[in-house]
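The residues making up each chain are set out below.
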Amino acid sequence: MTAIRFDRSEPDAGNGFQAASAHLIVASHARLLRRDLLPDGEPTDLAQRLYRAPFIVLAHDAAPDPVFFYANLAAQELFAMPWREIVRLPSRLSAEPLARKERQRLLDRVARDGFIDDYGGVRISARGERFRICGATVWNLVSDQGTVVGQAATFATWLPLR
């Protein structure tokens, strides 16, 4: 994987709701999974629709210790972190210490196979609330030049744990 520098400014109309990141996430998903992440709609509002989608979308870079560079509103709410905090968080910290080895095996599998669509695991919010992810899809983010520049995940189902 190749580390590139992502714009981590909060999505808004001024930056097209992070249009470049949204395009990378959506295009990589379509290319690898051969299905759309979002339902059909105007391409010009794709980034805004992704940011406001009713399901979780997260993406991290390809640094040796990957850091989130994208988290839609649903992800910010679930992880109890505003944009400015979540896009500075090493993604490994979204899992409890005991779940980090499991998370690394998942990421290694995605790196090898391009994507998985059957992930489940325990994560933790900034408030310390634990939840189990069910049926997540995780895929490589591939630049237009064919270079893997990170990974993204999406899921719509999670269960709070007590």
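Preceding this section is the structure that the text describes.
A brief report on the enclosed structure follows. (Residues numbered from 1 in each chain as written. Predicted model: local features only at pLDDT ≥ 70, side-chain atom pairs only at ≥ 80, totals over all residues. Heavy atoms only, no water.)

1. Comments concerning the overall build of the chain
No. 1: The secondary structure content of the chain amounts to five helices and six strands.
No. 2: Along the chain, from the amino end to the carboxyl end, the secondary structure elements read α-α-β-β-α-α-α-β-β-β-β.
No. 3: Its C-alpha atoms give the chain a radius of gyration of 15 Å, near enough to 15 Å, the size a compact globule of 162 residues would have.
No. 4: Dimensions along the principal axes, computed over C-alpha positions, put the chain at roughly 40 × 30 × 30 Å.
No. 5: Within the chain, buried positions represent 48% of all 162 residues.
No. 6: Excluding contacts between residues fewer than 6 apart, the proportion of contacts in the chain whose partners are at least 24 apart in sequence is 51%.
No. 7: Side chains of the chain give 21 positive and 19 negative charges; the mean places of these two sets differ by 7 Å. (Helix = DSSP H or I, 4+ residues; strand = E, 2+ residues; numbered from the N terminus. Rg over C-alpha atoms; globule rule 2.2 N^0.38 Å. Buried < 20%, exposed > 50% of the residue type's maximum accessible area, 1.4 Å probe, protein only. Contact = heavy atoms within 4.5 Å. Lys, Arg positive; Asp, Glu negative; His and termini not counted. Charge placed at Lys NZ, Arg CZ, Asp CG, Glu CD.)

2. Observations concerning the pattern of salt bridges
No. 1: Under the defined criterion, the tally for this structure stands at six salt bridges.
No. 2: Between Asp61 and Arg8 there is a salt bridge, with the nearest N and O atoms lying 2.9 Å from each other. In this pair, Asp61 is assigned in strand β1 (residues 56–61) and Arg8 in the segment before α1 (19–33), connecting sequence segments 53 residues apart.
No. 3: Asp61 sits in the buried class, given a relative accessible area of 7%. (Salt bridge = Lys/Arg side-chain N within 4 Å of Asp/Glu carboxyl O.)

3. Focus: the side chain of Gln151
No. 1: Tracing the backbone through its elements, the reader meets Gln151 in strand β5 (residues 148–155).
No. 2: Of the residues examined, Gln151 reaches a relative accessible area of 3% and is grouped as buried.

4. Notes on unusual backbone geometry
No. 1: Unlike most non-glycine residues, Phe17 shows phi in positive territory, near 55°.
No. 2: Topologically, Phe17 is positioned in the segment before α1.
No. 3: Its relative accessible area of 11% is what places Phe17 among the buried residues.
No. 4: In this structure, Arg34 takes a positive phi of about 60° despite not being glycine.
No. 5: Along the chain, Arg34 turns up in the loop between α1 and α2 (46–51).
No. 6: Exposure remark for Arg34: the relative accessible area of 75% places this residue in the exposed category.

5. Points about α1
No. 1: When the terminal C-alpha atoms of α1 are compared, their 21 Å separation across 15 residues agrees well with the 21 Å that a helix rising 1.5 Å per residue should span.
No. 2: For α1, every residue scored as buried is listed here: Ser21, Ala22, Leu24, Ile25, Val26, Ser28, His29 and Leu33.
No. 3: Looking at the buried side of α1, the elements it contacts are α2, β1, β2 (68–71), β3 (115–124), β4 (130–142) and β5.
No. 4: Just beyond α1, the residue with positive phi is Arg34, at close to 60°. (Expected span 1.5 Å × (residues − 1).)

6. Considering the side chain of Arg123
No. 1: Tracing the backbone shows Arg123 in strand β3.
No. 2: A distance of 2.8 Å separates the side chain of Arg123 from the side chain of Tyr119, its partner in a polar contact.
No. 3: Setting aside residues no more than four positions away along its own chain, Arg123 makes contact with Phe79, Ser94, Ala95, Arg103, Glu129, Arg130, Phe131 and Ile133. (Polar contact = N/O pair within 3.5 Å; in protein donor to acceptor, adjacent residues only side chain to side chain.)

7. Notes on the pairing of β3
No. 1: With seven bridges joining them, β3 and β4 adopt antiparallel strand pairing. Note on β4: the bridge partner recorded for Val122 is Arg132.
No. 2: Joining the antiparallel neighbours β3 and β4 is a turn of five residues, in which Gly128 adopts a positive phi near 85°. (Pairing = 2+ DSSP bridges.)

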